[in-house]
Amino acid sequence: SMPVVGVDGTQRQRARTLSYAGRAHIKGGTINGVRAMAGYIVDTNARRWIVVCMINHPKVHNGNAHPFFDRVLQWAYNRAINTPLAPEAQESLLE
């Protein structure tokens, strides 16, 4: 299973106050010069989005990668605001 952002795993403490805490299942990884994350996030309309991001640069570290990853996840979480559901999808949510 994948850790839930803000609930368990390595992002438990750091991401607890983010708006999407508890709604994203993300696994991160690191090697020298590389930071990565992958998983999925559930947006405000209960749609699941797959997210994958990798930064490959000699000067990358957690201090500059995490804020970028946070922005990517926030963007995916807010997709519901910019991507209205089709009428049939809206009806299925109400059932």
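Here, every reference points to the structure presented above.
Residues numbered from 1 in each chain as written. Predicted model: local features only at pLDDT ≥ 70, side-chain atom pairs only at ≥ 80, totals over all residues. Heavy atoms only, no water.

Further remarks concern the overall build of the chain. Summing up its helical and strand segments, the chain has 3 helices and 3 strands in all. Listed by position from the N terminus, the elements making up the chain come as β-β-β-α-α-α. Considering the chain as a whole, with its 95 residues, one finds that 32% of them fall into the buried category. Considering only contacts in the chain between residues 6 or more positions apart, those separated by 24 or more positions represent 40%. For the chain, the exposed area adds up to about 6200 Å²; of that, 56% sits on carbon and sulfur atoms. (Helix = DSSP H or I, 4+ residues; strand = E, 2+ residues; numbered from the N terminus. Buried < 20%, exposed > 50% of the residue type's maximum accessible area, 1.4 Å probe, protein only. Contact = heavy atoms within 4.5 Å. Areas by Shrake-Rupley, 256 points an atom, 1.4 Å probe, with all protein chains shown as cover.)

Moving on to the pairing of strand S3 (residues 48–56). The pairing of strand S2 (residues 34–42) with S3 spans 9 bridges and is antiparallel. When the bridges of S3 are listed, Met 37 appears paired with Cys 53. (Pairing = 2+ DSSP bridges.)

Let us look at unusual backbone geometry. The phi angle at Ala 46 is positive, at roughly 65°, despite the residue not being glycine. Structurally, Ala 46 can be placed in the loop between S2 and S3.

Before going further, it helps to examine the pattern of salt bridges. Pairing of side chains with opposite charge becomes possible as their charged atoms draw close. Under the criterion given, the structure shown has 1 salt bridge. In this structure, Asp 43 engages Arg 47 in a salt bridge whose closest nitrogen and oxygen atoms are separated by 3.3 Å. Across the pair, Arg 47 and Asp 43 agree in class, each one buried. (Salt bridge = Lys/Arg side-chain N within 4 Å of Asp/Glu carboxyl O.)

Moving on, we come to the nonpolar core. Counting 16 residues, the largest nonpolar core has Tyr 20, Ile 26, Ile 41 and Leu 73 as the members making the most contacts within it. If you list the elements that add at least two residues to this core, you get strand S1 (24–31), S2, S3 and helix H1 (62–77). Take this core: its biggest share by element is 5 residues, from H1. Beyond its immediate chain neighbours, meaning those up to four positions away, Leu 73 contacts Tyr 20, Ile 26, Met 37, Ile 41 and Val 51. (Core = buried A, V, L, I, M, F, W, Y, C linked by side-chain atoms within 4.5 Å.)

On the basis of which strands lie adjacent, the open sheet formed by 3 strands has the order S1-S2-S3 and antiparallel pairing. Edge positions in the sheet fall to S1 and S3, since each has one partner strand and no second. Neighbour-to-neighbour, the strand axes of the sheet open up by a mean angle of 5°, direction not taken into account. The pairing of S1 with S2 spans 8 bridges and is antiparallel. In the sheet register, Thr 30 faces S2, and the bridge partner there is Arg 35. On top of the sheet, H1 reaches S1, S2 and S3; it is set at about 20° to S2, its chief contact. (Axes fitted to C-alpha atoms, helices over the stretch in contact; angles between N-to-C directions.)

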